[in-house]
Amino acid sequence: MTLEDFKLRTPEQYKEAQQQAIKNPDLFWAEIANTFEWKTPFEKALQYNWNDTPSTEWFAGGKLNITENCLDRHVATQPDKLALIWEPNEPHDTPVKLTYKELLEAVCTFANGLKNQGVSKGDRVCIYLPMVPELTIAVLACARIGAIHSVVFAGFSASALAARIQDSGCSILITADGAFRGNKTVPLKDIADDALKTCESVRKSIVLQRTFEPISWNNKLDVWWHDFVDGLSSSCTPEIMDAEDVLFILYTSGSTGKPKGMVHTCGGYMVYTAYSFMNVFQYEQDDVYWCTADIGWITGHSYMVYGPLAVGATSVHFEGVPSYPKWNRFWEICEKHKVNQFYTAPTAIRALAKHPSSHVTNHDLSALKVLGSVGEPINEEAWNWYDTHVGKNQVPIVDTWWQTETGGILISSLAGVTPQKPTYATLPLPGIQAALVDDKGNPLTDKEAEGILTINFPWPSIARTIWGDHKRYQEVYFSAFPGRYFPGDGALRDADGNYRITGRVDDVVIVSGHNLGTAPIENSINEHPEVVESAVVGYPHDIKGNALMAYVILYNTTDDSERLIKEIREQISNTIGPIAKPDRVLIVSGLPKTRSGKIMRRILRKLASNEMDQLGDISTLLNPEIVEEIKKELS
Ligand code: WTA
């Protein structure tokens, strides 16, 4: 049997698969897993315990290397098939096309370089690169030799990068002189240099030449990528890994404190990303698939690198931004490479919808077979625009709900196979036991219900732990509702069992598709010497989905609030990254608090959202007068 035999092509096949997966999960996933190449077969598919200290193991004892499945396996049958079509920032620069054979050789060459550096199985390697082919190559080279990659999005600041390097003790950093993003360049090497001042664990920094701008150089630490790989062999025996060995760490924001290094392992992650990719996008062997994400996020890991490559797909990767040089760039690329599946985020769709539709209609998009959405709830207006202008009302839309923690898509329609419904992610994929509970954990058993989403049974690509902090993993995901996985999202369900995600139920705000914990932003603001205390909340924004508003209390009143606000925004940009800068900063004399001193964020959210009539009873607050004061400020 091949993976293709598990492709679900009708609603009945979907239903049948879901029933089988629930009735006998071991058998269901074992059969799918057995279509991959194993060095040593696994004996039992699943072992888990979600009641005490949560543990989940899939295919443990089975030995494999994920890159053999993603590369060598396809090189054996179709070496000249394109794995990657890389579209550079400048539309007139030539795309880089890599066949499976060429990609394998590049991966092996770089892997040999890492080996020469003494990198071996289990070592952590931090990758801080722009969206260039070398990012994919570096990721896969780590996997080839069993090193654990930790990709950090190239929009993060020096201190955010440093915190991630320190947390996982990376010994190698892979970066570039700079990055092109539209008409801007980002000085990545400068940022990395800054970060490395506090990262003693890093003993080598490999620097890719991309922008050719001048950089500072440390002979002891730095080596150019091209020198690093010079003269190396292009074959490299893959490290044999247990299915449960760590493949990568990827950091995601939590509602409190430092980012969580989510740990994904080799076997289950490979099986689930491949299976879900093939089924959600209904990928056919000659299709060209394009996901516009960055490999710095989970969408890039699962649906630009591992899932598509495991299936032998051809993917477009794009270095630039949708607005450069003009707002037609996405559609120009779709036309140029005859893209069949296009996968992007609601934020991008809303931004594109603000511009004349001629940007879309001037391009031949007739190759499109599937449109996808990911990262945040898609509002009806954006859904309709996508459907009408891009899909010409003929192309199925998959609204895919999942998380860094889930590794792969958990709720989505299967393109053109199961029904779609605007703003609904729709049905759980086979093997996903989604449910709703009320805030006390009571199951909501009515067909139609609204509550908190939980997943009640393991699936192969669930993150196994938080790097170095299993206790936090248990607390965040398994303590709210014992025995169930708690994703942190609210949802409603219609009479047909379709789920609609309503948004986060914790203090994470999704701004332009980026998860931002409010606590770390508050910590950053509070570091400003003039600030006593602050509170950050999200409020609706018509392009970004949500924007941030910071309420700030000062030690002394200031007559130069403009300077102060600028400093605060810069401070956030430096400690977290530009994406975390609040749209609005309001200087206030106090924050609404309960009598026990807890900040009433709900009220601050309502105020920021201009829902002044929905504040509820404020008389029980410690300081109701402050609400009136803020209201006045905002009106
Ligand atoms: C949100 C991104 C509604 C959700 C893959 C989740 C969504 C968080 C959707 C995870 C969707 C993601 N509809 N909300 N289709 N997809 N989300 O870790 O709140 O960056 O918990 O993973 O994004 O974001 P993350």
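Keep in mind that what you see is a predicted model, and the values were worked out from it rather than measured. (Residues numbered from 1 in each chain as written. Predicted model: local features only at pLDDT ≥ 70, side-chain atom pairs only at ≥ 80, totals over all residues. Heavy atoms only, no water.)

**Re the pairing of strand β8 (residues 172-176)**
Next, step 1: Of all the five residues making up β8, five are buried; the element is thus mostly covered by neighbouring parts of the structure.
Next, step 2: Of the two faces of β8, the one lined by Ile 172, Ile 174 and Ala 176 and the one lined by Leu 173 and Thr 175 are each fully buried.
Next, step 3: Pairing geometry for strand β6 (residues 124-127) and β8, over three bridges, is parallel. Residue pairing across strands places Val 125 opposite Ile 172, the latter belonging to β8.
Next, step 4: Direction of pairing for β8 relative to strand β11 (residues 204-208): parallel, over a ladder of five bridges. (Buried < 20%, exposed > 50% of the residue type's maximum accessible area, 1.4 Å probe, protein only. Helix = DSSP H or I, 4+ residues; strand = E, 2+ residues; numbered from the N terminus. Pairing = 2+ DSSP bridges.)

**Considering the pattern of salt bridges**
Next, step 1: Applying the stated criterion across every chain, the model contains 38 salt bridges.
Next, step 2: Two residues, Lys 336 and Glu 87, come together in a salt bridge whose shortest N-O distance is 3.1 Å. Here the residue Lys 336 occupies a position in helix α11 (residues 329-336), and Glu 87 occupies one in strand β4 (residues 82-87), the gap between them amounting to 249 residues.
Next, step 3: Look at Glu 87 and you get buried, because its relative accessible area is 1%.
Next, step 4: Glu 530 serves as the salt-bridge partner of Arg 563, at 3.1 Å between the closest nitrogen and oxygen. With a gap of 33 residues between them, Arg 563 in helix α17 (residues 561-575) and Glu 530 in the loop between α16 (518-526) and β28 (531-541) connect regions that are remote in the sequence.
Next, step 5: Taking relative accessible area as the criterion, Glu 530 reaches 26% and is therefore assigned partly exposed.
Next, step 6: One network of salt bridges, in which partners are shared, links Glu 4, Lys 7, Arg 9 and Glu 284. (Salt bridge = Lys/Arg side-chain N within 4 Å of Asp/Glu carboxyl O.)

**Structural notes on the nonpolar core**
Next, step 1: In this structure, Phe 59, Phe 110, Leu 114, Ile 127, Ile 174, Trp 225 and Tyr 306 are the most contacted members of the largest nonpolar core, which totals 149 residues.
Next, step 2: The element that contributes the greatest number of residues to this core is helix α9 (residues 266-281), accounting for 11 residues.
Next, step 3: Those residues in contact with Tyr 306, other than ones at most four positions away along the chain, are Ile 66, Cys 70, Val 139, Leu 140, Ala 143, His 149, Leu 247, Phe 248, Tyr 269, Thr 273 and His 301.
Next, step 4: Counting 26 residues, the second largest nonpolar core, distinct from the first, contains Trp 331, Cys 334, Ala 348 and Val 390. (Core = buried A, V, L, I, M, F, W, Y, C linked by side-chain atoms within 4.5 Å. Contact = heavy atoms within 4.5 Å.)

**Considering the sheet that holds strand β5 (residues 96-99)**
Next, step 1: Strand order in the open sheet formed by seven strands is β5-β4-β17-β16-β18-β19-β20, and the pairing between neighbours is mixed. Of all the strands in the sheet, just β5 and β20 (397-400) have a single pairing partner and so form its edges. Averaged over all pairs of adjacent strands, the angle between strand axes in this sheet comes to 20°, irrespective of strand direction.
Next, step 2: Note that β4 and β5 share four bridges and pair antiparallel. Paired with Leu 84 across the bridge in β5 is Leu 98. (Axes fitted to C-alpha atoms, helices over the stretch in contact; angles between N-to-C directions.)

**Some thoughts on the packing of helix α3 (residues 66-77) against helix α5 (residues 133-145)**
Next, step 1: Between α3 and α5, the least distance of the axes is 8 Å, while the angle of their chain directions is 120°. Between α3 and α5, the angle is such that the two are oblique. Read as a crossing pair, α3 and α5 show a hand that is left-handed. In this structure, α3 contributes Ile 66, Thr 67, Glu 68, Leu 71 and Asp 72 to the contact, and α5 contributes Leu 140, Ala 143 and Arg 144.
Next, step 2: Looking at the contact of α3 with α5, its residues break down into four nonpolar, one polar and three charged. (Parallel < 35°, antiparallel > 145°, perpendicular 65-115°, else oblique. Left-handed = near helix turned anticlockwise from the far one by under 90°. Nonpolar A, V, L, I, M, F, W, Y, C, P; charged D, E, K, R; others polar.)

**Focus on the site of the ligand**
Next, step 1: Taken together, 17 residues lie around the ligand, and Asp 399, Thr 400, Thr 404, Asp 489 and Arg 504 are the ones closest in.
Next, step 2: Between the ligand and the protein, one listed contact pairs a nitrogen atom with a backbone N or O atom of Glu 376 at 3.3 Å.
Next, step 3: One nitrogen or oxygen atom from the side chain of Thr 404 is found 2.6 Å from an oxygen atom belonging to the ligand.
Next, step 4: If the ligand stood free it would expose 520 Å²; the protein chains cover 96% of that surface.
Next, step 5: Those elements that provide at least two residues to the shell around the ligand are α10 (298-311), β20 and β25 (499-504).
Next, step 6: Its residues assigned to classes, the shell around the ligand comprises seven nonpolar, six polar and four charged. (Near = heavy atom within 4 Å. Polar contact = N/O pair within 3.5 Å; in protein donor to acceptor, adjacent residues only side chain to side chain. Areas by Shrake-Rupley, 256 points an atom, 1.4 Å probe, with all protein chains shown as cover.)

**Section: the sheet that holds strand β7 (residues 148-151)**
Next, step 1: If you trace the eight strands from one edge of the open sheet to the other, you get β12-β11-β8-β6-β7-β14-β15-β23, paired in mixed fashion. What marks the edges here is a single partner per strand, and that holds for β12 (222-224) and β23 (465-466).
Next, step 2: Contacts from helix α7 (residues 188-196) reach β8, β11 and β12, with the element oriented near 155° to β8.

**Observations regarding helix α19 (residues 624-634)**
Next, step 1: Among all positions of α19, only Ile 626, Val 627 and Ile 630 are buried. On an axial view of α19, the arc spanned by its buried residues comes to 105°, and they lie on one face. Along α19, the residues that are exposed and aim more than 90 degrees away from the buried face are Glu 625 and Lys 632.
Next, step 2: Packed against the buried residues of α19 are β29 (545-554), β30 (584-588) and α18 (601-608). (Arc of directions from axis to C-beta.)

**Let's talk about the packing of aromatic side chains**
Next, step 1: All chains considered together, the criterion is met by 43 aromatic pairs.
Next, step 2: Both rings, one in Phe 281 and one in Tyr 289, keep their centres 5.3 Å apart while their planes meet at 70°; by these two values the pair is edge-to-face. Taken as a pair, Phe 281 and Tyr 289 share a single burial class, namely buried.
Next, step 3: Here Phe 330 and Trp 331 contribute two aromatic rings whose centre-to-centre distance is 6.1 Å and whose plane-to-plane angle is 90°, an arrangement assigned as edge-to-face. By the burial criterion, Phe 330 is buried, and Trp 331 matches it.
Next, step 4: An aromatic cluster is present here, built from Phe 28, Trp 29, Trp 38, Phe 42, Trp 58, Phe 59, Tyr 272 and Tyr 275 joined pairwise through their rings.
Next, step 5: Between Lys 421 and the ring centre of Tyr 424, over which it is positioned, the NZ or CZ distance is 4.2 Å.
Next, step 6: Positioned over the ring face of Tyr 539 is Arg 584, at 5.3 Å from the centre of the ring. (Phe/Tyr/Trp six-rings, centres within 6.5 Å; stacked < 30°, edge-to-face > 60°. Lys NZ or Arg CZ within 6 Å of the ring centre and 35° of its normal.)

**Points about the domain arrangement of the chain**
Next, step 1: Taken domain by domain, the chain comprises domain 1 (99-239) and domain 2 (512-634).
Next, step 2: Computed over C-alpha atoms, the centres of domain 1 and domain 2 are 37 Å apart.
Next, step 3: Between domain 1 and domain 2, the contact holds six residues from the first and seven residues from the second.
Next, step 4: Carbon and sulfur atoms supply 55% of the area buried between domain 1 and domain 2, which totals about 400 Å² over both sides. (Domains from an automatic or database assignment. Buried area = accessible area lost by both parts, 1.4 Å probe.)

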